[in-house]
Amino acid sequence: MHPNAINLRHFRVFLAVVSAGSLVTAAKLLHITVSAVSKSLKELEQELDVQLLLRGRKGVQLTQAGEAFNKHAAQTMASFRLAMDEGQTAAPAPQILKVGALPTAAGYMLAPVVAQMRERYPHVQVRVESGMYDYLVGKLRTRELDLIVGRLIGRDMLGVMFEALYEEDLLLVVRTGHPLAQREQLQLDDLRAHVLLASPQGTLVRTSIDNFLLSSGGVQRFQIQESLSETFSRVYVHDYDAVWFVQRGVIDLDLRLGLVQQLPFSSSLLRAPIGLTSATDRPLSDVAQMFAGMLRQWCTARSAQR
């Protein structure tokens, strides 16, 4: 006997013949010819090396071997149908990916990659939590987050590692229609008449801003309002003609909506790395590795567009 030669077609034909009581009726039910039914039965009996059916003018009857085979064949087909039904309807258990997002990356970089993740891997649920660096790193260390996406902070790196993905620009923006936005050429001295919104002393962003302003003769020559609040900064920019030093990832949506305009200042001093922060005491999960790979691809594509 060669069981590998028997397939579901043989089971279907045999059970249809038994149920219908004749080869002719079974052929009609299966929408095949009587000769095809007869051939399948003959192949089945040859492979099993036993007669399953007695054929007569009044139809077919099961032999003793046919009775035993019929019982198991019916169970096999029922199990097969159940497996097919569950395979088509049962969704895989969702996998949870917990991502911490610094404001610099929450919209500009993270949103499009999460959208891609949802499309390619619908069984993965990405949970995004935003917050300040110290808060997110605390959650990363206690395994409440799988990774953090955003700007390198540069302090308290114990137990974590940073992988740079691209360099983000620190922009100078004003409300749409601001007097400075109407000018074709600007000098740093032109900013002195306006309040400059900047991160507080001690942050890496502020260090970049101070170094940039020092290139024109000194920070003390400018009016600086410190702020870590995006909401406050947006209102102050729109209502009081301030100039905001802000990471592109934070202000990207405002730029696309035309709510603010970028002033034509560019400097290597106004760039900082954006990337992934992960824990050193454990490897990234398979899902986190897939997500990290998609982030890298997105950053490579954005860099090529510049």
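The model shown is predicted, which means the values in this text are computed figures rather than measured ones.

The rules behind each value
Residues numbered from 1 in each chain as written. Predicted model: local features only at pLDDT ≥ 70, side-chain atom pairs only at ≥ 80, totals over all residues. Heavy atoms only, no water. Helix = DSSP H or I, 4+ residues; strand = E, 2+ residues; numbered from the N terminus. Rg over C-alpha atoms; globule rule 2.2 N^0.38 Å. Buried < 20%, exposed > 50% of the residue type's maximum accessible area, 1.4 Å probe, protein only. Areas by Shrake-Rupley, 256 points an atom, 1.4 Å probe, with all protein chains shown as cover. Lys, Arg positive; Asp, Glu negative; His and termini not counted. Charge placed at Lys NZ, Arg CZ, Asp CG, Glu CD. Arc of directions from axis to C-beta. Salt bridge = Lys/Arg side-chain N within 4 Å of Asp/Glu carboxyl O. Pairing = 2+ DSSP bridges. 1 Å grid on protein atoms, 1.4 Å probe; cavity = no way out; pocket = protein on both sides within 12 Å on 5 of 7 lines; lining within 4 Å. Points joined across faces, edges and corners; volume = space filled by probe spheres on them. Phe/Tyr/Trp six-rings, centres within 6.5 Å; stacked < 30°, edge-to-face > 60°. Contact = heavy atoms within 4.5 Å. Polar contact = N/O pair within 3.5 Å; in protein donor to acceptor, adjacent residues only side chain to side chain. Axes fitted to C-alpha atoms, helices over the stretch in contact; angles between N-to-C directions. Parallel < 35°, antiparallel > 145°, perpendicular 65-115°, else oblique. Nonpolar A, V, L, I, M, F, W, Y, C, P; charged D, E, K, R; others polar.

Trainee: Help me understand the overall build of the chain in this model?
Mentor: Looking only at helices and strands, one finds 11 helices and 11 strands in the chain. Scaling as 2.2 N^0.38, a compact globule of 306 residues should have a C-alpha radius of gyration of about 19 Å, whereas the chain reaches 35 Å, well beyond that. If you line up the chain on its principal axes, its C-alpha atoms span 110 × 45 × 30 Å. Across the 306 residues in the chain, those meeting the buried criterion constitute 41%. Accessible surface computed for the chain: about 17000 Å², of which carbon and sulfur atoms make up 52%. If the 32 positive side-chain charges of the chain are averaged to one point and the 29 negative ones to another, these points end up 9 Å apart.

Trainee: Can you help me understand helix 6 (residues 110-120) in this one?
Mentor: The α-helix winds at 3.6 residues per turn, so residues separated by three or four positions along the chain end up facing the same way. Along helix 6, the residues that are buried comprise Leu 110, Val 113, Val 114 and Met 117. Here the buried residues of helix 6 occupy an arc of 100 degrees about the axis, which is enough to place them on one side.

Trainee: Is there a simple way to explain the pattern of salt bridges in this structure?
Mentor: Note on pairing: side chains with opposite charge can pair once their charged atoms come close. Under the counting rule described, the total for this entry stands at 16 salt bridges. The shortest N-O distance in the salt bridge between Arg 234 and Asp 254 comes to 3.0 Å. Of this pair, Arg 234 sits in helix 9 (residues 230-240) while Asp 254 sits in helix 10 (residues 248-257), and the two are 20 residues apart along the sequence. If you follow the salt bridges from partner to partner, you end up with Glu 129, Lys 139 and Glu 144 in one network.

Trainee: Help me understand the pairing of strand 1 (residues 53-56) in this model?
Mentor: On a regular strand, each side chain points to the face opposite its neighbour's, so the side chains alternate between the two faces of the sheet. Sheet analysis places strand 1 next to strand 2 (residues 59-62), joined by four bridges and oriented antiparallel. Among the inter-strand pairings, Leu 53 is bridged to a residue of strand 2, identified as Leu 62. As consecutive antiparallel partners, strand 1 and strand 2 are separated by two residues.

Trainee: Would you mind showing me how to read the layout of surface pockets here?
Mentor: If a probe as big as a water molecule is rolled over the atoms, it shows which places are left empty. The space that makes up the largest pocket amounts to roughly 490 Å³. Lining the largest pocket are 27 residues, and of these Met 132, Ser 199, Val 205, Leu 228 and Gln 247 sit closest to its centre. Counting only elements with at least two residues in the lining of the largest pocket, the list comes to helix 5 (103-106), helix 7 (133-141), strand 7 (195-198), helix 8 (204-214), helix 9 and strand 9 (243-247). The element that contributes the greatest number of residues to the lining of the largest pocket is strand 9, accounting for four residues.

Trainee: Just to check I follow, could you spell out the packing of aromatic side chains for this structure?
Mentor: Geometry of an aromatic ring pair is reported as the spacing of the ring centres plus the angle between the planes. Applying the stated rule across the entire model yields seven aromatic pairs. Of the aromatic side chains, those joined through ring pairs into one cluster are Phe 11, Phe 14 and Phe 69.

Trainee: How should the side chain of Thr 277 be read in this particular structure?
Mentor: By the element assignment, Thr 277 lies in strand 11 (residues 271-279). Beyond its immediate chain neighbours, meaning those up to four positions away, Thr 277 contacts Leu 140, Leu 147, Ile 148, Val 160, Met 161 and Phe 162.

Trainee: Would you mind showing me how to read the side chain of Thr 63 here?
Mentor: Examined against the element boundaries, Thr 63 turns out to sit in the loop between strand 2 and helix 4 (64-89). A distance of 2.9 Å separates a polar side-chain atom of Thr 63 from the backbone nitrogen of Gly 66. When sequence neighbours within four positions are dropped, the list of residues in contact with Thr 63 reads Gln 51, Leu 52, Leu 53 and Leu 54.

Trainee: Please explain the environment of Pro 283 as it appears in this structure.
Mentor: Mapping Pro 283 onto the fold places it in the loop between strand 11 and helix 11 (286-305). Taking relative accessible area as the criterion, Pro 283 reaches 71% and is therefore assigned exposed. Note: C-alpha distance between Pro 283 and Gly 107 (176 residues apart in sequence) is 26 Å.

Trainee: Would you explain the packing of helix 2 (residues 23-30) against helix 3 (residues 34-48) in this entry?
Mentor: Packed helix pairs are specified by the crossing angle of their axes together with the interaxial distance, meaning the distance between the axes. Close contact between helix 2 and helix 3 brings their axes to 8 Å; oriented N to C, the two are set at 105 degrees. Looking at the two axes, helix 2 sits roughly perpendicular to helix 3. Contacts between helix 2 and helix 3 involve Leu 23, Val 24 and Ala 27 from the first element and Val 34, Val 37, Ser 38 and Leu 41 from the second. Its residues assigned to classes, the contact of helix 2 with helix 3 comprises six nonpolar, one polar and no charged.

Trainee: Before we go on, may I ask you to explain the environment of Val 126 in this structure?
Mentor: As for its position among the elements, Val 126 is in strand 4 (residues 124-130). Sequence separation between Val 126 and Ile 274 is 148 residues, and the spatial gap between their C-alpha atoms is 20 Å.

Trainee: Sorry if this is basic, but what is going on with unusual backbone geometry here?
Mentor: Excluding glycine, most residues fall at negative phi; most peptide bonds, likewise, are trans. Even without being a glycine, Arg 143 presents a positive backbone phi close to 65 degrees. Note on placement: Arg 143 falls in the loop between helix 7 and strand 5 (147-151). Look at Arg 143 and you get partly exposed, because its relative accessible area is 48%. Here Asp 241, not a glycine, exhibits a phi torsion of approximately 55 degrees, which is positive.

Purely geometric stuff here, so don't read any function into it on its own.
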